[in-house]
Amino acid sequence: MADSKREIERKYEATAETRLPDLSRVAGVSAVVHRGVSELDAVYYDTEDLRLVAGSLTLRRRTGGSDAGWHLKFPVASGIRDEFQEPLSDTLPRSFAGLLRSRVRRSELVPVVRLRTARDVHHLVDAEGALLAEVSVDKVRAERLTGGSGTAAWTEIEVELADDGDPAFLDAVERRLRKAGVRPSASPSKLARALAETAPERKRKRKQDRAVDGKAARGKTPQPTAGDHVLAYIRRQTEAIVALDPAVRRDLPDSVHQMRVATRRLRSVLRSYRKILDRSVTDPVGDELKWLAAELGIDRDQEVLDARLRSGLAGLPRTLILGPVRSRLRIWSVARRGGSRRRTVAVLDGKRYLALLESLDALLTAPPLLPDASRAPGQALPRAVLKEYGRLATRVGHALELPPGHDRDLALHDARKAAKRARYAAEAARPALGKPAKRIAGRMKAVQTLLGDHQDSVVARDALRTLAVQAHAAGEPAFTWGLLYGREEAAAAARERELPQVWEWASRPRVRAALGG
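Everything numeric here is computed off the predicted structure, so don't read it as measured data.

Notes on the overall build of the protein
Helices and strands together make up the secondary structure of the protein, namely 16 helices and eight strands. Across its three principal directions, the C-alpha atoms of the protein cover 80 × 65 × 45 Å. A burial count over the protein gives 46% of its 517 residues as buried. Across the protein, contacts joining residues at least 24 apart in sequence account for 74% of those joining residues at least 6 apart. Carbon together with sulfur atoms contributes 51% to the accessible area of the protein, which is approximately 26,100 Å² in total. A distance of 5 Å separates the average location of the 93 positive side-chain charges in the protein from that of its 68 negative side-chain charges.

Structural notes on the packing of helix H8 (residues 279–314) against helix H14 (residues 435–473)
Running from amino to carboxyl end, H8 crosses H14 at an angle of 75 degrees, the nearest separation of the two axes being 10 Å. Regarding the angle of H8 to H14, the classification is roughly perpendicular. On H14, the residues that touch Val304, Leu305, Arg308 and Leu309 of H8 are Asp453, Asp456, Ser457, Val459, Ala460, Ala463, Leu464 and Leu467.

Overview of the pattern of salt bridges
Taken as a whole, this structure holds 46 salt bridges when the rule is applied. Across the salt bridge formed by glutamate 174 and arginine 178, the nearest N and O atoms sit 3.1 Å from each other. Highlighted residues: glutamate 174 and arginine 178, both in helix H3 (residues 168–179), separated by four residues, approximately one helical turn. For arginine 178, a relative accessible area of 36% puts it in the partly exposed group. A salt bridge links arginine 308 to aspartate 453; the shortest N-O distance between them is 3.1 Å. With arginine 308 in helix H8 and aspartate 453 in helix H14, this residue pair connects regions lying 145 residues apart in the sequence. Given a relative accessible area of 24%, aspartate 453 falls into the partly exposed group. Look at the salt bridges and you will find they share partners, linking Glu7, Glu9, Lys11, Lys73, Arg81, Arg119, Asp138, Glu156, Glu158 and Lys190 into a network.

Overview of helix H6 (residues 226–249)
Two residues of an α-helix separated by three or four positions point the same way, owing to the 3.6 residues in each turn. With 24 residues, H6 ought to run about 34 Å at 1.5 Å a step, and its terminal C-alpha atoms sit 36 Å apart, in line with that. Of all bends in H6, the biggest is about 30 degrees, found at alanine 243, and the proline proline 246 comes one to four residues later. For H6, a buried count of 17 out of 24 residues is recorded, marking the element as mostly surrounded by other parts of the structure. Following H6 by one or two positions, aspartate 251 has its phi on the positive side, about 60 degrees.

Things to note about the packing of helix H7 (residues 255–272) against helix H13 (residues 406–433)
Relative orientation of the contacting elements H7 and H13 amounts to 85 degrees, with a least axis distance of 9 Å. Taken as axis vectors, H7 and H13 run roughly perpendicular relative to one another. Residues Val261, Arg264, Arg265, Ser268, Val269, Arg271 and Ser272 of H7 form the contact with H13, whose participating residues are Lys420, Arg421, Arg423, Tyr424, Ala425, Glu427 and Ala428. Considered class by class, the residues forming the contact of H7 with H13 number five nonpolar, two polar and seven charged.

A word on the packing of aromatic side chains
Taken as a whole and assessed by the stated rule, the structure comprises three aromatic pairs. When the centroid spacing of 5.4 Å and the interplanar angle of 40 degrees are considered together, the rings of tyrosine 45 and tryptophan 70 count as tilted. Of this pair, tyrosine 45 sits in strand E2 (residues 31–46) while tryptophan 70 sits in strand E4 (residues 69–77); the two residues are 25 residues apart in sequence, bridging distant segments of the chain. Given the relative accessible area of 3%, tryptophan 70 is considered buried. Centre to centre, the rings of tyrosine 389 and tryptophan 503 are 5.4 Å apart; their planes meet at 5 degrees, and the pair counts as stacked. You can see tyrosine 389 sitting in helix H12 (residues 377–401) and its partner tryptophan 503 sitting in helix H15 (residues 479–505), a full 114 residues away along the chain. Taken as a pair, tyrosine 389 and tryptophan 503 share a single burial class, namely buried. Lying across the ring of phenylalanine 74, arginine 250 places its NZ or CZ 5.7 Å from the centre.

Some words on the sheet that holds strand E6 (residues 110–125)
Taken in spatial order, the eight strands line up as E1-E5-E4-E3-E2-E6-E7-E8 and close into a barrel, and their pairing is antiparallel. Sheet twist, expressed as the average angle between the axes of neighbouring strands with direction ignored, equals 35 degrees. Strand direction decides the pairing type here: strand E1 (residues 3–14) and strand E8 (residues 151–161), joined by six bridges, are antiparallel. Bridged to glutamate 13 within E8 is glutamate 156. Those strands touched by H3 are E1, E6, strand E7 (131–144) and E8, and its axis lies near 15 degrees from that of E1.

Concerning H13
Between its terminal C-alpha atoms H13 stretches 39 Å, which fits the 40 Å expected from 28 residues at 1.5 Å a residue. Taking the largest bend as the criterion, H13 deviates by roughly 30 degrees, centred on glutamate 427, and proline proline 431 comes between one and four positions later. Phi for glycine 434, located one or two positions after H13, is positive at around 70 degrees.

Concerning the environment of glutamate 476
Note that glutamate 476 resides in the loop between H14 and H15. For glutamate 476 and valine 325, which are 151 residues apart along the polypeptide, the C-alpha to C-alpha distance reads 8.9 Å. Ignoring anything within four residues of it in the chain, the contact list for glutamate 476 reads Pro324, Arg328 and Ala471. A distance of 2.7 Å separates polar atoms of two side chains, one belonging to glutamate 476 and the other to arginine 328.

Basis of the calculations
All residue numbers here refer to positions counted from 1 along the written sequence of the relevant chain. Given that this is a predicted model, residues contribute local features only at a pLDDT of at least 70 and side-chain atom pairs are listed and counted only at 80 or more, while totals for whole chains, interfaces and linings are drawn from all residues. The basis for every side-chain value is the complete set of heavy atoms in the structure, and neither hydrogens nor water enter the calculation. The secondary structure listing takes helices from DSSP runs of H or I that are at least 4 residues long and strands from runs of E that are at least 2 residues long, numbered from the N terminus. A 1.4 Å probe rolled over the protein chains alone gives each residue an accessible area, and that area as a share of the maximum for its type sets the label: buried under 20%, exposed over 50%, partly exposed in between. Here, residues are in contact when the closest pair of their heavy atoms is within 4.5 Å. Residue exposure ignores everything except the shown protein chains as possible cover, and the areas themselves are Shrake-Rupley values with a 1.4 Å probe. His is not counted, nor are the chain ends, whereas Lys and Arg count as positive and Asp and Glu as negative. Where a charge lies is defined by one atom per residue type: Lys uses NZ, Arg uses CZ, Asp uses CG and Glu uses CD. In this analysis, axes come from line fits to C-alpha atoms, helices being fitted only over the stretch in contact, and the angle between any two N-to-C directions falls in the range 0 to 180 degrees. By definition in this entry, angles of less than 35 degrees are roughly parallel, angles greater than 145 are roughly antiparallel, angles of 65 to 115 are roughly perpendicular, and the rest are oblique. Salt bridge criterion: a side-chain nitrogen from Lys or Arg within 4 Å of a carboxyl oxygen from Asp or Glu. Here the expected span of a helix is defined as 1.5 Å times the quantity of residues minus one. A residue's bend is simply the angle between two axes: one fitted to the seven residues ending at it, one to the seven starting at it. Under the scheme applied, nonpolar residues are Ala, Val, Leu, Ile, Met, Phe, Trp, Tyr, Cys and Pro; charged residues are Asp, Glu, Lys and Arg; polar residues are all the others, including Gly. The rule is short: rings of Phe, Tyr and Trp, with Trp giving its six-membered ring, pair when the centres are within 6.5 Å, and they are stacked under 30 degrees, edge-to-face over 60, tilted in between. Any Lys NZ or Arg CZ that is within 6 Å of a ring centre and within 35 degrees of that ring's normal is treated as a charge sitting over the ring. Should DSSP find at least two bridges between two strands, the strands are taken to pair. Counting of polar contacts relies on pairs of N or O atoms within 3.5 Å, with two restrictions inside protein: one atom must be capable of donating a hydrogen and the other of accepting it, and residues adjacent in sequence are counted only when both atoms are side-chain atoms.

Following this line, the structure appears as structure tokens:
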């Protein structure tokens, strides 16, 4: 993986006549050190339809300055980005190609803008000479390379926090700049400004025409249909998968889990709203989403199981831990997880995953809408939510009728999956139905959480039995594994006793009342 750092910076409007105020008066600054002027030459790359810009990503190849090379930036929050760097080369670094794959797909990356910048750099340092922030006055010349041929020029001030610095320091610098009449930039980045200011005149005119038409038609905008709301939910989950792809490749915390949740939400809504979207088109997509969720689950399920077993072990008194329990658990865990991350990245690099992303794009570009899609949301969406609730009610009722044991465990697991579908159906309806859908989603989540903890206990007991057998075969005491098994068995029984109360809280009359039925 390429070298990376967290970039925290702010940009300000300036002119050729703008002079920096005395920043040595900022609290904590002992001196302002002039570092001279650097000439930077950067070419920014994107697809012809600017997919990276749409996702607030920046890819450039820059010469000049102290950090010449390839730079790739991912948004974190306003003014905060994670920046990856690779040495200068004639071709896109392989590590960058992987991080960009979910957005670029089979399209070609082309040079879209060239920026030549004269950067006048000043360092704000403390009493010990440590860098607090870098302040630069940038004189920028932009040239459009793709999608137009315009040029632009401007001056701006950029303040970048030193590595591991306190973001509050930038507030102090900004107060000083504002006092001197310097105002924050209206554009989030140089690239965004360059694209805006070099846009072909015909595109600018179309935007102006649309603005005029929008004002003329104000108050006459058609109300969103049931289909509009379902498609909006599908679009949000699709965008989540695309955005989380690089995070999974970077092995960021919880990224695999969040990507898996997005795939499950998508598949669930495609199944729940079959009166809105033609299932002959959506079912094959749902099958591929199920495949992706299963692949992502290999690593995630083991992660959850490891955490549960370690937590159970940590809760035991030392006198009850007999034998090399911790080392056996560690070896068992490593053996089960070995290669799982490589497998996940291989899935994301595969043709099947790429085809799934393209099928989702096609679904949103030409949605297979059925007649119910044109209905008002208050008519079509509640029916789907109630149908999913009915499925859940049937499964919970069946599970509660069974005696404790294997069959009940399976039935409760099926009920958990039905609770997820009911929850996601309500989530998709929430923008249209408001608080009622929010309350239903909350109640379904409570059922899902309880049943999820029960299922985690079932899985943990299977693992503990395996560990006990292995320990016994190796001549080690199996007492601790049996003790943990018993605790998990008791925890599952407690969840089963709680279920009727939680289920009553999420009862059908409450759901119908929330939806006005």
